[in-house]
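# Fold and geometry: a report
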Amino acid sequence: MIPFETFYQEQYRALLAIAVALTMDRAAAEDLVQETFISAHRRWDRVSQYESPKAWLRRVLINRATSRRRRLGSEMRAVTRIGPPGHVEPDLSAETSEVWSEVRRLPRRQQQAVALHYVAQLSMNEIADIMGCSSGAVKSHLHRAREALKEPLSAWKEDEA
């Protein structure tokens, strides 16, 4: 019985080439190949005993690629049937865009708290549920964000005066 690691090393490139040819998308192909190898690894005791583990691996890959293509087709038909949404992009003034540029410079959790509080207008408890933390932590993130934004935003207001 060939060790799985050896099989993986020997078959990866060939399987990736097949997946790229089927999907025409390298990232999607890599995902399909990894999912296929995960399936092989889970069943390696059985798969390694097959007359041709490579054939099994290719069959699983082709099945996954077919499922992906069908799923994408269904999604595309649904989106086409629903039609494009109305104007999706908010029309932000130059000042508002500048404020959000400053917010994006904050640490990730502070950005999230600010967006959920000021854009979605959620309560501290709702934000805490979404972020997976306590409402006290949300308050702390918002406080730190306000402190970090105080200077850049006050300088911006002084420029307008």
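Residues numbered from 1 in each chain as written. Predicted model: local features only at pLDDT ≥ 70, side-chain atom pairs only at ≥ 80, totals over all residues. Heavy atoms only, no water.

## Describing the packing of helix 1 (residues 4-23) against helix 4 (residues 53-82)
Following both chains from N to C, one finds helix 1 and helix 4 inclined at 30°, their axes separated by 10 Å at the closest point. Comparing the axis directions of helix 1 and helix 4 gives the class roughly parallel. Our pair here, helix 1 against helix 4, has a crossing hand that is right-handed. Where helix 1 abuts helix 4, its residues Phe 7, Gln 11, Leu 15, Ile 18, Ala 19, Leu 22 and Thr 23 lie against Pro 53, Lys 54, Leu 57, Arg 58, Leu 61, Ile 62, Ala 65 and Arg 68. When the residues that make up the contact of helix 1 with helix 4 are grouped by side-chain class, the tally is ten nonpolar, two polar and three charged. (Axes fitted to C-alpha atoms, helices over the stretch in contact; angles between N-to-C directions. Helix = DSSP H or I, 4+ residues; strand = E, 2+ residues; numbered from the N terminus. Parallel < 35°, antiparallel > 145°, perpendicular 65-115°, else oblique. Left-handed = near helix turned anticlockwise from the far one by under 90°. Contact = heavy atoms within 4.5 Å. Nonpolar A, V, L, I, M, F, W, Y, C, P; charged D, E, K, R; others polar.)

## Things to note about the environment of Gln 112
Note on placement: Gln 112 falls in helix 6 (residues 108-119). Note on Gln 112: relative accessible area 27%, which makes it partly exposed. (Buried < 20%, exposed > 50% of the residue type's maximum accessible area, 1.4 Å probe, protein only.)

## What about the nonpolar core?
Ranked by size, the top nonpolar core spans 18 residues in total, and within it Leu 15, Val 33, Phe 37, Trp 56, Leu 57 and Leu 61 carry the most contacts. Those elements giving two or more residues to this core turn out to be helix 1, helix 2 (26-42), helix 3 (44-47) and helix 4. Per element, the largest residue contribution to this core is six residues, and it comes from helix 1. Ignoring anything within four residues of it in the chain, the contact list for Leu 15 reads Val 33, Thr 36, Phe 37, Leu 57, Arg 58 and Leu 61. (Core = buried A, V, L, I, M, F, W, Y, C linked by side-chain atoms within 4.5 Å.)

## Looking at the layout of surface pockets
By volume, the largest pocket is sized at about 170 Å³. Elements with a contribution of two residues or more to the lining of the largest pocket: helix 5 (94-103), helix 6 and helix 8 (135-160). In terms of residue count, helix 8 provides more of the lining of the largest pocket than any other element does, four residues in total. Of the residues contributing to the lining of the largest pocket, the split by class is eight nonpolar, no polar and one charged. (1 Å grid on protein atoms, 1.4 Å probe; cavity = no way out; pocket = protein on both sides within 12 Å on 5 of 7 lines; lining within 4 Å. Points joined across faces, edges and corners; volume = space filled by probe spheres on them.)

## Comments concerning the confidence of the model for the chain
When pLDDT is averaged across the chain, the result is 88; 89% of the residues are at 70 or more. Within the chain, the lowest mean pLDDT, 80, falls on helix 5, and the highest, 97, falls on helix 2. (pLDDT = per-residue confidence, 0-100.)

## Looking at unusual backbone geometry
Look at Met 24: it is not a glycine, yet its phi comes out positive at around 60°. Position of Met 24 relative to the elements: it lies in the loop between helix 1 and helix 2.

## What to know about the pattern of salt bridges
One pass over the full model with this rule turns up six salt bridges. With its nearest N and O atoms 3.0 Å apart, the salt bridge here joins Arg 26 to Glu 30. With Arg 26 and Glu 30 both in helix 2 and four residues apart, this pair spans about one turn of that helix. On the basis of relative accessible area, Glu 30 is assigned to the partly exposed category, the value being 28%. (Salt bridge = Lys/Arg side-chain N within 4 Å of Asp/Glu carboxyl O.)

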